[in-house]
Amino acid sequence: MNTALPEDIAEFAAVAAKRLARLGGPSAALQAETDDRVRREARTTLTELGAFDLDVRSASDDTLAAAVLCQAAGATALPYPLVEELLAIDGERLALVNPETPRIDHGDLPGGWVAADLDGTRYRPQPGSRTSAKLGPFLVPATLSEPEGTVPAADVDLHLVLGSWRILGALQQCLEIVTGHVRTRVQFGKPLADFQAVKFAVADASVAVRGLHELAKYTVCRPEITPAQVRSADALVLRLRAADAARQVLRTSHQLLGALGFCDESDISVLDRHTEPLFRLPASTEELALRLIPGVRDGHLETLFSEPVATA
Amino acid sequence: MDYDLGPDAGELRKRLRQLISTHIPAGFLGACTDDPQDLATTESFCKLLASEGLLALAWPKEHGGGGGSIWQQTVLREEMWAHHEPRGPQYMGINWVGPAVMRYGTPEQKAQHLSAIAAGEVIWCQGFSEPEAGTDLASLRTRAVPDGDGWRITGQKVWTSYAQMASRCVLAACTDPEASKSRRLTLFLIPMDRPGITVRPIRSMLGPHHLNEVFLDGVQAFRDEVLGEVGDGWRVMREALAFERVGIARYARCESLLDRMRAELGDDWDRLPESIRARWVRALVDLRAARLLAYRAVSLLDEPSAGAAASAARIAATTCDQQVAELLFDVLGPSALDSGASAPLHGAIEDHWRYAQAATVASGTIEVQRMLVAHDVLGDHR
C-alpha cells in the first residue's frame, strides 16, 4: 500500500495550485461575480495547464491529475465549471442536476450543456439567467427537455468524485485560513489558538479534512477491476462524506473567524458562498444516504466483510 | 498510489477467519468475562497462532516473529479485534511491550522476554495510571527508593487492565522527584508474583478484568529489571507507546457487528425505519474514513507527522465505536439491554456498547488526541 500521491502528480498539483492562485484566488472569484473577463481568464489558464487535454475517463494518471487540478480549483474558488468541462460529452459540458429543480453552476457561460441526474438520465437543458444569489452566485436555473437516453454511470460517478476533490481543496484552504487567524488574533491577552475550545474545534475540523482527503485518494484510485456498482457506491460515499465535512468545516470557519468571516473581504466568505452549490447539489446528504441503502443490503457498499474478501 | 494490502492479505484474512471459526467458540466475547474458560481459550489460541508464526507476525524472525509486513500486521490487528480479540490480553505484549524490549532492552532482557511473548506464554499488564495521574502520566507519584543494588517501590496504580491475569508488569515509578518531569521516571519489568504486590479488582460496567487497582508496598526491583536507562522512563514510555499509536482496530469490530447484525436481521433489515438504515449508511461511510486514516498513520511509520496522523485516526475510530454502539442499540430496541448467550448476537452488541463508552477515555483520552492534532495544525504560534 502506498497512500502518497505519485511524485509526478504531486508536482503537477503544486504547479496547478501556484498557477491558479496567480489568477487571484477568492478575491478574483469575487470579482468574477461582476466581471466576466475573470472567467475567461480562468479557462485560458486551465487550457495552459493542459486541463482539457486530460483523458479523465480512461487514463488513470490523467484522472488523478484531474483530481488534484480540481482540488486546486476548489482551494482558489476558481470561477469556472472545471468538472463539467472535463467531463464534456461531444464538446458540451456535463452538468449533474436534480430534475425537480434543475440548477447549473456557471450555466450562463457560452457553449452547450448536457444535463444528467444521479440515475444517469440524460436531458437537454436550457439554462436561464444569473440571479443575484449570494450562495452560488454563478448558479442559474434551467429547464430540462424530456429524458433523452442516458449518460454512462461512470460519468456520473466521476462527476461526483472530481466535485468532491474540489470540495476537498476548498476545505483545506478554509482550514489554512482559520489556522492563520487563530494563531495571530489576540483576545483576552492571548492568541485564540491558546484557548482549548478553539484547539478542539480546529482539531475536529482537521480530522474531518484528513478523513476526506484519504477517502478521496482511495476512491479515485480504485482498481479498474472494481465492479461498476461498487464504484458507483464509492462515488456516493465520497460525495456524502465531502458534503458532511463541508458543513462542519465551514461552520467551524465562520465561528472562529467571527464577524470577519461573513465579510467578502474575507476569503472564507467567498469560499463558502461559491462552494455551496458543489456540496448541496444535485442532492442533499440525506438523499445521498438513502441512495446508498440498497448498497448495504447487496454489498456494493463495501466493508472489510464484503464478499469476496476485500484486499483493502 | 494504491490501497492494496499486499498479494497475500486476502489469504491471510481467510486463514485467520478459518482459525477463529474452528477454535473460538460461538458467542466468544473476549477474555474479560466471568467465565474462566474464556481466558483459557485465548491462551490456547495464542499458542496456536504462535505455532503458525502468526502471533508475532510482524516481529523480526530473530526474536521469534514471522518477519511479516506492517500491512500483514494490520490485517492481523483487524481480524483479531473484529472477532473480539481471541489473543486476549496478550495483544499488548505483542503490540508494544515486545517492540519496546527490542528497542530498549538489554541482551538479557531480550532473551528472557521476547521468545516468551512470541510463543504466547506470557500476559503483561501496564502499571502506568495512578489515582492522581491519569492523562498526565509524567506527574505520577509511585516512588522507587534506592535500596542496595536496586530499589524498593511503593505506591498505587489504578485502572490496570489484566492485572489479575498478568504474570509480568511494565511498571512506571518515580526514581528522582527533584528532577524535571521528563527525567523523573524509570520503567521496570517486574514479575507480578513479587512480594509486596496486591491486586484488587474494580467492579465496573466494562466487565471483569478490565479495571484493577495494584498496590505496591516496598516491592523490590533489581537493576537488571530497568527498561532503558534510569530516569529515562518518560521518553521510553512515550516512544514505546508509539509502537501502538494506531491503537486497536476499532473500526473492524464495528464493521463486523454491523455485518453480523444485518445477516441476523435478514429480510427484516429492509423493514427497519428508513432513518435507521440511513444512519447505518453513515456509520459505514464514517468507518471507511476511519479505516483509511488508520492506514495512513501506519504508512507514515516513523515520519514526524505520524503521531498526529495516528491521533486523527484514533479520534475517528473511537467516535465511530460510540456511533455504532448507539445505532445498534436503536436497532434492537428494548432487547438491546439483554446480556448473555440468549441476547442478540450472544450479547456482543450489549458488550460493545459498554466497552465503547471507554473508547474515548482509554489509552489516551480523546481530549489528548485533539490536543496533539491541534498542535500539529497550529504549531508553536507564540
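Position numbers for residues count from 1 along each chain, tracking the sequence in the order it is written. As they are written, the chains are lettered A onward and the ligands numbered 1 onward, keeping that order. With pLDDT at 70 or above as the cut-off, local features in this predicted model cover only qualifying residues; side-chain atom pairs require 80 or more to be listed or tallied, and sums for whole chains, interfaces and linings still use all residues.

## Quick look at the overall build of chain A
Then comes step 1: Counting from the N terminus, the helices are DSSP H or I runs at least four residues long and the strands are E runs at least two residues long. On a plain count of helices and strands, chain A comes out with 10 helices and eight strands.
Then comes step 2: Across its three principal axes, chain A shows a C-alpha extent of roughly 60 × 50 × 40 Å.
Then comes step 3: Within the span of chain A, comprising 312 residues, buried residues form 52% of the whole.
Then comes step 4: Taking contacts inside chain A between residues at least 6 apart in sequence as the whole, the part at least 24 apart equals 69%. Whether a residue is buried, exposed or partly exposed follows from its count of other C-beta atoms within 10 Å of its own C-beta, namely 20 or more, 12 or fewer, or something in between, respectively; the C-beta atoms are built from the backbone. Contact criterion: two residues are in contact if their C-beta atoms, reconstructed from the backbone, are within 7 Å.

## Quick word on helix α8 (residues 228–257) of chain A
Residue and element names in this part refer to chain A.
Then comes step 1: Its 30 residues place the ends of α8 43 Å apart at the C-alpha level, agreeing with the 44 Å of an ideal helix rising 1.5 Å per residue.
Then comes step 2: Judged by how many residues are buried, α8 sits mostly within the fold: 22 of 30 residues are covered.
Then comes step 3: Where α8 terminates, the next one or two residues include Gly-258, which has phi positive at roughly 65°. Given a helix with a known number of residues, its expected span is that number minus one, times 1.5 Å.

## Regarding the domain arrangement of chain B
All names here are of chain B.
Then comes step 1: For every domain, the bounds stem from an assignment made automatically or drawn from a database. One can read the domain layout of chain B as domain 1 (9–122), domain 2 (125–240) and domain 3 (245–378).
Then comes step 2: Using C-alpha coordinates to define each centre, domain 2 is positioned 31 Å away from domain 3.
Then comes step 3: Note that Gly is not counted as nonpolar here; it falls among the polar residues with everything else outside the nonpolar set of Ala, Val, Leu, Ile, Met, Phe, Trp, Tyr, Cys and Pro and the charged set of Asp, Glu, Lys and Arg. Among the residues making up the side of domain 2 that touches domain 3, the classes are represented as two nonpolar, two polar and no charged.

## With respect to the environment of A:Asp36
Then comes step 1: Assignment of secondary structure puts A:Asp36 in the loop between α2 (25–32) and α3 (37–48).
Then comes step 2: Along the primary structure A:Asp36 and A:Ala72 are separated by 36 residues, whereas in three dimensions their C-alpha atoms are 21 Å apart.

## Looking at the sheet that holds strand β3 (residues 113–116) of chain A
Two orientations exist for strands paired in a sheet by backbone hydrogen bonds: parallel and antiparallel.
All names here are of chain A.
Then comes step 1: Strands are labelled as partners when DSSP assigns at least two bridges between them. Ordered by their spatial adjacency, three strands build an open sheet running β1-β3-β4, and the pairing between neighbours is mixed. Two strands lie at the open edges of the sheet, namely β1 (93–96) and β4 (122–123), each paired on one side alone.
Then comes step 2: Two elements, β1 and β3, share four bridges in a ladder whose sense is parallel. For Ala-95, the partnering residue across the bridge sits in β3 and is Ala-115.

## Digging into the interface of chain B and chain A
Then comes step 1: The partner chain A presents 41 residues to the 44 residues of chain B that form the contact.
Then comes step 2: Put simply, the parts of the chain that give the side of chain B that touches chain A at least two residues each are α1 (9–23), α3 (70–82), α7 (250–265), α8 (274–299), α9 (306–332) and α11 (366–378) of chain B.
Then comes step 3: Ranked by residue count, the leading element in the side of chain B that touches chain A is α8(B), at 15 residues.
Then comes step 4: A per-class count over the side of chain B that touches chain A returns 25 nonpolar, four polar and 15 charged.

## Examining the domain arrangement of chain A
All names here are of chain A.
Then comes step 1: With domains assigned, chain A is organised as domain 1 (7–86), domain 2 (93–144) and domain 3 (153–298).
Then comes step 2: On a C-alpha basis, the centroid separation for the pair domain 1 and domain 3 is 18 Å.
Then comes step 3: Contact with domain 1, which involves 19 residues of that partner, is made by 20 residues of domain 3.
Then comes step 4: For the side of domain 1 that touches domain 3, the secondary structure elements donating two or more residues are α2, α4 (60–75) and α5 (82–86).
Then comes step 5: In terms of residue class, the side of domain 1 that touches domain 3 is made up of 14 nonpolar, four polar and one charged.

## Focus: the nonpolar core
Then comes step 1: Put simply, a nonpolar core is a cluster of buried Ala, Val, Leu, Ile, Met, Phe, Trp, Tyr and Cys residues tied together by C-beta atoms within 7 Å. Counting 217 residues, the largest nonpolar core has A:Leu171, A:Val202, A:Val249, B:Ala290, B:Ala294, B:Ala313 and B:Ala316 as the members making the most contacts within it.
Then comes step 2: Leave out the neighbours within four places in its chain, and A:Leu171 touches A:Val209, A:Leu212, A:Ala245, A:Ala246 and A:Val249.

## Some words on the environment of B:Val97
Residues and elements named next belong to chain B.
Then comes step 1: With respect to the helices and strands, Val-97 occurs in helix α4 (residues 91–104).
Then comes step 2: Residue classification places Val-97 among the buried positions, given that 27 C-beta atoms sit within 10 Å.
Then comes step 3: It is 17 Å that separates the C-alpha atoms of Val-97 and Gly-66, two residues lying 31 residues apart in sequence.
Then comes step 4: Apart from the residues lying within four places of it in its own chain, the contact partners of Val-97 are Met-92, Ile-117, Trp-124 and Val-170.

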